[in-house]
Every structure is written in C-alpha cells, then in structure tokens.
Amino acid sequence: QVQPVESGGGLVQPGGSLRLSCAASGGTFSIYAMGWFRQAPGKEREFVAAISWSGGSIWYADSVKGRFTISRDNRKNTVYLQMNTLKPDDTAVYYCAQGPKWSGTRNANEYNYWGQGTQVIVSS
C-alpha cells in the first residue's frame, strides 16, 4: 500500500511542457505498478499512462502517445509524467494512483490508492 501525492501542475501555453511528479509513501513502492489518470471538466476520468514495477513495461493512451513519457525512480519512491507539446484538450486534473503488484493495467478499477490530483491548464 502506498499513498501518492502529486505535484508539478500549473498553467502552460499550447505547445509547452510540464513535468508532473508523484511521491509515494506508506508502502513498498518498488513492487507496485503505478498509473496516471486525468479528468477534464464535463468529462469522465480517463487513463493516461501506466508503468510496471521495474519500468520495463509501459502503456499509453492513444491521445498522448508520442507526447507524454512516464517513468519511475524506485530509489526516490517517485513516478513522473513528462508532458510535451501540450494541447488545450490536455487540460484536466491529473491523478497518480497505485496499481497491482508487479504488472500494470489500463483499468482504473484495479488502482486502489489515489492522490489528491494536480491541475494542468493549457491555454493561451
């Protein structure tokens, strides 16, 4: 069990970049897959990216593939989401969550512990 805490959100212009961080505490971080999800105003929560326990397997939503990069540093108990070439449609609250042990999944129902979220606004 881990408790994620997100940071790094903010206001950025279209085409810009942000790097989100998710610090985890309260469990054995290195054995859990971790994921990023987002929820835009008026829309349902959607999957963004996930990473397995070792970082050897990675999954992305089609909408962010080629622009976003998920990574993790198990020595620091931290997972990152590097977001490049941001678009207005990327505007959302971004959540980090603990997934299953070892392997990852796109299914939000398999994530048990969620952070408080960090706001990302992409606007001119």
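Residues numbered from 1 in each chain as written. Predicted model: local features only at pLDDT ≥ 70, side-chain atom pairs only at ≥ 80, totals over all residues. Heavy atoms only, no water.

Participant: I tried to follow the pattern of salt bridges on my own but got confused; where do I start?
Facilitator: A side chain with one charge can pair with a side chain of the opposite charge if their charged atoms come near. Taken as a whole, this structure holds four salt bridges when the rule is applied. A salt bridge links D62 to K65; its shortest N-O distance comes to 3.8 Å. You'll find D62 and K65 in the same group, each marked exposed. Bridged by salt links that share partners, the residues R38, E46, R67 and D90 form one connected network. (Salt bridge = Lys/Arg side-chain N within 4 Å of Asp/Glu carboxyl O. Buried < 20%, exposed > 50% of the residue type's maximum accessible area, 1.4 Å probe, protein only.)

Participant: What is the right way to read the packing of aromatic side chains from this model?
Facilitator: For any pair of aromatic rings, geometry is given as the distance between the ring centres together with the angle between the planes. Throughout the structure, instances matching the rule amount to five aromatic pairs. Pairing F37 with Y111 gives two aromatic rings, centres 5.0 Å apart and planes at 80°, and the pair type is edge-to-face. Here the residue F37 occupies a position in strand 4 (residues 32-39), and Y111 occupies one in the loop between strand 9 (92-101) and strand 10 (113-114), the gap between them amounting to 74 residues. Pair check on accessibility: F37 and Y111 agree, each one buried. Connected via pairs of aromatic rings, a cluster forms that spans F37, F47, Y111 and W114. Positioned above the aromatic ring of Y80 is the side chain of R19, whose terminal nitrogen or guanidinium carbon lies 4.2 Å from the ring centre. Taking the ring centre of F29 as reference, the NZ or CZ of R72 above it sits at 4.5 Å. (Phe/Tyr/Trp six-rings, centres within 6.5 Å; stacked < 30°, edge-to-face > 60°. Helix = DSSP H or I, 4+ residues; strand = E, 2+ residues; numbered from the N terminus. Lys NZ or Arg CZ within 6 Å of the ring centre and 35° of its normal.)

Participant: Sorry if this is basic, but what is going on with the state of the cysteines here?
Facilitator: Two cysteines joined by a covalent bond between their sulfur atoms form a disulfide. This structure, assessed with the given rule, holds one disulfide. For C22, the disulfide goes to C96, at an S-S distance of 2.1 Å. The chirality of the disulfide connecting C22 with C96 is left-handed, given an S-S dihedral of about -80°. Of the two residues, C22 is situated in strand 3 (residues 18-25) and C96 in strand 9; the sequence distance between them amounts to 74 residues. Like C96, C22 is buried. (Disulfide = S-S within 2.5 Å.)

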